[in-house]
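Spelled out from the first residue to the last, the chains are:
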Amino acid sequence: MKKFDVVALGELLIDFTENGMSGQGNPVYEANPGGAPCNVLAMLSKAGRKTAFIGKVGQDIFGNRLKTALTEVGIDTSNLVMDKDVRTTLAFVETLAGGDRDFSFYRNPGADMMLREDELQEEIVGNGKIFHFGTLSMTHEAVRKATKRAVDAAKESGALISFDPNLRPPLWESLQMAKEQAAYGFSQCDILKISDNEIRWFTGEEDYDAGIRVLQERYHIPLIMLSMGREGSRAYYKNLRVEAAPFLQEGTIETTGAGDTFGACCLHYVLKYGLEGLDGDKLNEMLTFANAAASIITTRKGALRVMPDVEEVEALIEERKQ
């Protein structure tokens, strides 16, 4: 028996998101706890799953607040390293007119990229049914070694491997290097969550199905979930291709954390049914739930602390049926 449903490794940081203007006409930023892997774990915790995070923050104001935030939402922090010599990573998020986001990172260095291989607690890695990671923990050599060692340890323990490329171009020395590390993730994972812009970037295919075929033929990934924003989502599993409509919200204010929420819900259903126990109906149920949960998070500032309850997601699904 494993202690955790999902163990994730990666970045934990402060997302400074816009929250109005001051009386002097200056933008006001709200310090939200964030980082894609922890957003995923926060949603899973809301769904009743046992989760643990592996990463590093600074021994500073923001690092202490982040550790408190993880504890509050039920994420195990036994392998959250607090480093007195480096500062917690910060990201400033600007929402553009069309709804896209622009990120400015303060990470040269930032604590998340300083995690070392010898700081991994492999007993935690091996105690998860699913191990989840992205590419932000592979932008620099030391943390890349730690990530790959954790993937190896997870595989040795029999865990499923979940991967989300979560492309952030400003953090890479070159996009070619980003592609190389994304390729590593594709080669290791059993479960892939990828966005519409990422599949086009990696494969060069404008047609989503053609892009997915490239990944399937090259990497033989059992389950691929494609998030398409306002177009909904798709799942590709064996010979199945299932599509679910989006839940568009009039009250959408920003999309930070929506993809993470979507991915977390898909992992929740993999845990519910098993990777080998999926069929068309179950994949449709999974995507519908994931789309609904992601739409709810777009109506809220931040993500990690404000994930929806299962009951709230189910209520939205029922409401839209009427």
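Below, the structure is looked at part by part.

**Focus on the overall build of the protein**
- Counting its regular elements, the protein contains 10 helices and 13 strands.
- Against the globule reference of 20 Å for 322 residues, the protein gives a C-alpha radius of gyration of 18 Å, in line with a compact fold.
- In terms of its C-alpha atoms, the protein occupies a principal-axis envelope of roughly 50 × 50 × 40 Å.
- The buried share among the 322 residues of the protein stands at 57%.
- Considering only contacts within the protein whose residues lie at least 6 apart along the sequence, 70% involve residues at least 24 apart.
- As presented, the protein carries roughly 13,800 Å² of accessible surface, and 46% of it is formed by carbon and sulfur atoms.

**Here we look at the environment of Asp190**
- Of note, Asp190 is situated in the loop between α5 (175-188) and β10 (191-195).
- Separated by 27 residues in the primary sequence, Asp190 and Phe163 have C-alpha atoms spaced 8.1 Å apart.
- Filtering out sequence-adjacent residues up to four positions away, Asp190 remains in contact with Ala159, Leu160, Ile161, Ile221, Pro222, Leu223 and Leu275.

**Let's talk about the packing of aromatic side chains**
- In the structure shown here, the tally under the stated rule is 15 aromatic pairs.
- Where Phe131 meets Phe133, the ring centres are 6.1 Å apart and the plane angle is 25°; that geometry is what we call stacked. In terms of burial, Phe131 and Phe133 fall into one category: buried.
- On the basis of an interplanar angle of 80° and a centroid distance of 4.7 Å, the ring pair of Phe186 and Phe202 is categorised as edge-to-face. Of the two residues, Phe186 is situated in helix α5 and Phe202 in helix α6 (residues 196-203); the sequence distance between them amounts to 16 residues.
- Relative accessible area serves as the criterion here: at 1%, Phe186 is assigned to the buried category.
- Through a chain of ring-to-ring contacts, three or more aromatic side chains come together here, namely Phe131, Phe133, Phe163, Tyr184, Phe186, Trp201, Phe202 and Tyr219.
- The ring of Tyr184 is capped by Lys148, whose NZ or CZ atom sits 4.5 Å from the centre of that ring.

**Concerning the environment of Pro109**
- Its place among the elements puts Pro109 in the loop between β7 (101-106) and α3 (122-125).
- Look at Pro109 and you get partly exposed, because its relative accessible area is 44%.
- Measuring from C-alpha to C-alpha, the distance between Pro109 and His140 comes to 9.9 Å, with 31 residues separating the pair along the chain.

**Some remarks on the state of the cysteines**
- The tally for this structure, following the rule as stated, stands at zero disulfides.
- Cysteine Cys265 remains unbridged, with the sulfur of Cys266 as its closest cysteine sulfur at 7.0 Å.

**Description of the pairing of strand β5 (residues 75-83)**
- Buried residues dominate β5, accounting for seven of its nine residues.
- The pairing of strand β4 (residues 51-58) with β5 spans seven bridges and is classified as parallel. Considered in β5, the bridge of Ala52 is made with Asp76.
- Taking the sense of rotation as the criterion, the β-α-β connection linking β4, helix α2 (residues 61-72) and β5 turns out right-handed.

**A look at the sheet that holds strand β1 (residues 4-9)**
- Ordered in space as β5-β4-β1-β8-β9-β10-β11-β12-β13, the nine strands form an open sheet in which the pairing is mixed. Two strands in the sheet have a free side with no partner beyond their single neighbour: β5 and β13 (240-244). Sheet twist, expressed as the average angle between the axes of neighbouring strands with direction ignored, equals 20°.
- Examined bridge by bridge, strand β8 (residues 128-134) and strand β9 (residues 160-164) share five bridges and lie parallel to one another. Paired with His132 across the bridge in β9 is Ser162.
- Packed on one face of the sheet, α5 meets β8, β9 and β10 and runs near 150° to β9.

**Here we look at the pattern of salt bridges**
- Enumeration according to the criterion identifies 23 salt bridges in this entry.
- Note that Glu276 and Lys238 form a salt bridge whose closest N and O atoms lie 3.9 Å from each other. Highlighted residues: Glu276 in the loop between α8 (258-273) and α9 (280-297) and Lys238 in the loop between β12 (233-237) and β13, separated in sequence by 38 residues.
- We note a salt bridge from Arg241 to Glu243, for which the minimum N-O separation is 3.4 Å.
- On the accessibility criterion, Glu243 (38% relative accessible area) is partly exposed.
- Put simply, Lys56, Asp83, Arg116, Asp118 and Glu119 are held in one network by salt bridges that share partners.

Calculation notes
- Residues numbered from 1 in each chain as written.
- Predicted model: local features only at pLDDT ≥ 70, side-chain atom pairs only at ≥ 80, totals over all residues.
- Heavy atoms only, no water.
- Helix = DSSP H or I, 4+ residues; strand = E, 2+ residues; numbered from the N terminus.
- Rg over C-alpha atoms; globule rule 2.2 N^0.38 Å.
- Buried < 20%, exposed > 50% of the residue type's maximum accessible area, 1.4 Å probe, protein only.
- Contact = heavy atoms within 4.5 Å.
- Areas by Shrake-Rupley, 256 points an atom, 1.4 Å probe, with all protein chains shown as cover.
- Phe/Tyr/Trp six-rings, centres within 6.5 Å; stacked < 30°, edge-to-face > 60°.
- Lys NZ or Arg CZ within 6 Å of the ring centre and 35° of its normal.
- Disulfide = S-S within 2.5 Å.
- Pairing = 2+ DSSP bridges.
- Right-handed = clockwise from strand over helix to strand, strands pointing away.
- Axes fitted to C-alpha atoms, helices over the stretch in contact; angles between N-to-C directions.
- Salt bridge = Lys/Arg side-chain N within 4 Å of Asp/Glu carboxyl O.

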